[in-house]
Amino acid sequence: PIGYEVELNFPASEIISRYKAQSGALSVINSLSLSIPVSEIENDYGLTPPPYVLLVKKKDKEKFFSGTQVNDNISSFYATYDSTNKRYVFSSMRDYIVDVMSKDKITADDEEFVICPALVAFNVNNNPYYGQTTTSTVNSITPYVTEPVMGVLDLNKAKITFTFSKQTQGGK
């Protein structure tokens, strides 16, 4: 009833290997993101891609949904459907790659993920004393069972963007 889940092997070990080969002693990881194109499926029922999807380590999926967890940006992430660009972007993956990099050995469990439709609920806080500042925090993430949704993820065209800064010494 909640549809297919997509399994994804994220190439953390390859990213770390390339980073170590290019970075040097004085470097810092700036960001890591994953962008996945999605195609809407032509249908007569008005079905569209889910508003949110969850990317969670495969080994942690059952534990994630059995509790009241929210994304930690180390083992779980969510993305909002961007209907203009027809994609999902997981943009806060820096802590994940830093965590994996700190391990003595990278295992398959570090790179195996599941993507599934999710319902993300937020707490919105307005602070009228400081110029109407509004902040929102994730309150819960649950399986998406609200209404039928459908889309096709194009993993062959997914893009990983990894940025880091390095300082070199010497003027040459």
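This write-up is about the structure you can find in this document. None of the values given here were measured: they were computed from a predicted structure. (Residues numbered from 1 in each chain as written. Predicted model: local features only at pLDDT ≥ 70, side-chain atom pairs only at ≥ 80, totals over all residues. Heavy atoms only, no water.)

**Brief notes about the nonpolar core**
Next up, step 1: If you look at the biggest cluster of nonpolar residues, it comprises 24 residues, and the most contacted ones within it are Phe10, Leu34, Leu55, Phe90, Met93, Tyr96 and Ile97.
Next up, step 2: Breaking this core down by element, the ones donating at least two residues are helix H1 (12–22), strand S2 (27–39), strand S3 (52–57), strand S4 (76–82), strand S5 (87–90), helix H3 (94–101) and strand S6 (112–127).
Next up, step 3: Element by element, the count of residues in this core is highest for S2, at five residues.
Next up, step 4: Discounting residues that sit within four places of it in the chain, leucine 34 has contacts with Leu8, Phe10, Leu55, Tyr88, Val89, Phe90, Met93, Ala158, Lys159 and Ile160.
Next up, step 5: In terms of nonpolar packing, the next biggest core, distinct from the first, is built from eight residues, Leu54, Val56, Cys116 and Ile141 among them. (Core = buried A, V, L, I, M, F, W, Y, C linked by side-chain atoms within 4.5 Å. Buried < 20%, exposed > 50% of the residue type's maximum accessible area, 1.4 Å probe, protein only. Helix = DSSP H or I, 4+ residues; strand = E, 2+ residues; numbered from the N terminus. Contact = heavy atoms within 4.5 Å.)

**Considering the packing of aromatic side chains**
Next up, step 1: Applying the stated criterion to the full structure yields 13 aromatic pairs.
Next up, step 2: Centre to centre, the rings of tyrosine 96 and phenylalanine 113 are 5.5 Å apart; their planes meet at 75°, and the pair counts as edge-to-face. Separated by 17 residues along the polypeptide, tyrosine 96 in helix H3 and phenylalanine 113 in strand S6 bring together distant segments of the chain. Across the pair, phenylalanine 113 and tyrosine 96 agree in class, each one buried.
Next up, step 3: One aromatic cluster in this structure is built from Phe10, Phe77, Tyr96 and Phe113. (Phe/Tyr/Trp six-rings, centres within 6.5 Å; stacked < 30°, edge-to-face > 60°.)

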